Amino acid sequence: GAVVSQHPSWVICKSGTSVKIECRSLDFQATTMFWYRQFPKQSLMLMATSNEGSKATYEQGVEKDKFLINHASLTLSTLTVTSAHPEDSSFYICSARKDRGPRSNQPQHFGDGTRLSIL
Amino acid sequence: AQSVTQLDSQVPVFEEAPVELRCNYSSSVSVYLFWYVQYPNQGLQLLLKYLSGSTLVESINGFEAEFNKSQTSFHLRKPSVHISDTAEYFCAVNYGGATNKLIFGTGTLLAVQP
């Protein structure tokens, strides 16, 4: 159980276009989803946390107008990279967790990631 | 500041040898601890977790980790590794509180050689 599907797995697009990445929890309801960015041979950098039905909480230094996050249902969150440029090229990974709260001990379950290449 | 340290960026080891991947975290307050594994071009898979209770936790594929509160460590061990264990391993800590998010270490590449 606890399967997270991320789509697309790989996308190449021209500079200036917008790209939408979907993250779905297939067999559980995810009240909280997370979006990470990973640079080559580095750890995961948390970009934002989204709770179903409310606005996402962005980490310091992450542009909310550039990385739009929507978490409209308990099984789907989307990340839209608006007006993408080559410096936005990266590996983006989502994760989902079943519950919310200040002492959540539930693990995060990760999607397989999306490799985004902006030409 | 809350942090997670994985001192070894890469650990080369021969097949069937034992291995230990080190993980230390910054605070001795109550925490939840996780190890994740990442294969090339894939997301992270949960390997094992410590939430409470027994300080020794095991995974289904032979890995184990021991929570040591006094040393603020959660080292990952396996008595005999396989070629298929080659991957990046990330230690992560949930400190709870207002942030309630995972803090990841920088990862350790386990490179198993024949």
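Keep in mind that what you see is a predicted model, and the values were worked out from it rather than measured. (Residues numbered from 1 in each chain as written. Chains lettered and ligands numbered in written order. Predicted model: local features only at pLDDT ≥ 70, side-chain atom pairs only at ≥ 80, totals over all residues. Heavy atoms only, no water.)

**Student:** When you look at the overall build of chain A in this model, what are you seeing that I'm missing?
**Tutor:** Tallying secondary structure elements over chain A gives zero helices and 11 strands in all. The C-alpha radius of gyration computed for chain A amounts to 14 Å, which stays within 12% of the reference 14 Å derived for 119 residues, consistent with globular compactness. Dimensions of chain A, computed from C-alpha atoms along their principal axes, come out at roughly 40 × 25 × 25 Å. A burial count over chain A gives 51% of its 119 residues as buried. Within chain A, counting contacts between residues at least 6 apart in sequence, those at least 24 apart form 57% of the total. Carbon and sulfur atoms form 51% of the exposed surface of chain A, whose accessible area is close to 5,800 Å². Charge-centre separation for chain A: the mean point of 13 positive side chains lies 1 Å from the mean point of 10 negative side chains. (Helix = DSSP H or I, 4+ residues; strand = E, 2+ residues; numbered from the N terminus. Rg over C-alpha atoms; globule rule 2.2 N^0.38 Å. Buried < 20%, exposed > 50% of the residue type's maximum accessible area, 1.4 Å probe, protein only. Contact = heavy atoms within 4.5 Å. Areas by Shrake-Rupley, 256 points an atom, 1.4 Å probe, with all protein chains shown as cover. Lys, Arg positive; Asp, Glu negative; His and termini not counted. Charge placed at Lys NZ, Arg CZ, Asp CG, Glu CD.)

**Student:** Could you clarify how one ought to interpret the packing of aromatic side chains in this entry?
**Tutor:** Any pair of aromatic rings gets described here by the distance separating the centres and the angle formed by the planes. Residues and elements named next belong to chain B. Within this structure, the stated rule accounts for 11 aromatic pairs over all chains. On the numbers, 6.1 Å between centres and 45 degrees between planes, the contact of tyrosine 36 with phenylalanine 104 is tilted. You can see tyrosine 36 sitting in strand S5 (residues 32-38) and its partner phenylalanine 104 sitting in strand S11 (residues 102-104), a full 68 residues away along the chain. With 5.5 Å between their ring centres and 45 degrees between their planes, phenylalanine 63 and tyrosine 89 make a pair best called tilted. Of this pair, phenylalanine 63 sits in the loop between strand S7 (56-58) and strand S8 (64-68) while tyrosine 89 sits in strand S10 (residues 87-94), and the two are 26 residues apart along the sequence. Overall, the relative accessible area of 1% leaves tyrosine 89 in the buried class. (Phe/Tyr/Trp six-rings, centres within 6.5 Å; stacked < 30°, edge-to-face > 60°.)

**Student:** I'm lost on the interface of chain B and chain A in this one. Help?
**Tutor:** Bring the parts together and some accessible area is lost; that lost area is often taken as the interface size. Across the boundary between the two partners, chain B contributes 23 residues, which contact 24 residues of chain A. With both chains or domains summed, chain B and chain A bury close to 1,800 Å², and 48% of this area falls on carbon and sulfur atoms. At the surface where chain B touches chain A, the tally comes to one salt bridge. For the interface between chain B and chain A, the tally reads five residue pairs in polar contact (both at pLDDT 80 or more). Of all the elements in the fold, those that place two or more residues in the side of chain B that touches chain A are S5, strand S6 (44-50), S10 and S11 of chain B. Per-class residue counts for the side of chain B that touches chain A are 10 nonpolar, 11 polar and two charged. (Buried area = accessible area lost by both parts, 1.4 Å probe. Salt bridge = Lys/Arg side-chain N within 4 Å of Asp/Glu carboxyl O. Polar contact = N/O pair within 3.5 Å; in protein donor to acceptor, adjacent residues only side chain to side chain. Nonpolar A, V, L, I, M, F, W, Y, C, P; charged D, E, K, R; others polar.)

**Student:** Which parts of the structure should I look at to understand unusual backbone geometry?
**Tutor:** Among all residues save glycine, negative phi is the norm, and among peptide bonds the norm is trans. The omega torsion of the bond from A:His7 to A:Pro8 falls at 0 degrees, within 30 degrees of zero and hence cis. Counting through the fold element by element, A:Pro8 comes out in the loop between strand S1 (4-7) and strand S2 (10-13). Phi is positive for B:Glu16, which is not a glycine, with a value near 75 degrees.

**Student:** I would appreciate a short explanation of the side chain of B:Asp85 in the present structure.
**Tutor:** Take B:Asp85: it is sitting in the loop between strand S9 (73-78) and S10. Among the polar contacts listed, one links the side chain of B:Asp85 to the backbone nitrogen of B:His82, at a separation of 2.8 Å.

**Student:** Just checking my understanding: could you explain the pattern of salt bridges for this structure?
**Tutor:** Side-chain pairing between opposite charges can occur once the charged atoms of the two side chains come close. Residues and elements named next belong to chain B. Tallying each qualifying case throughout the model produces eight salt bridges over all chains. Salt-bridge contacts for arginine 77 lead to glutamate 64; the nearest nitrogen and oxygen are separated by 3.7 Å. Residue arginine 77 is found in strand S9, and its partner glutamate 64 is found in strand S8; the two are separated by 13 residues along the sequence.

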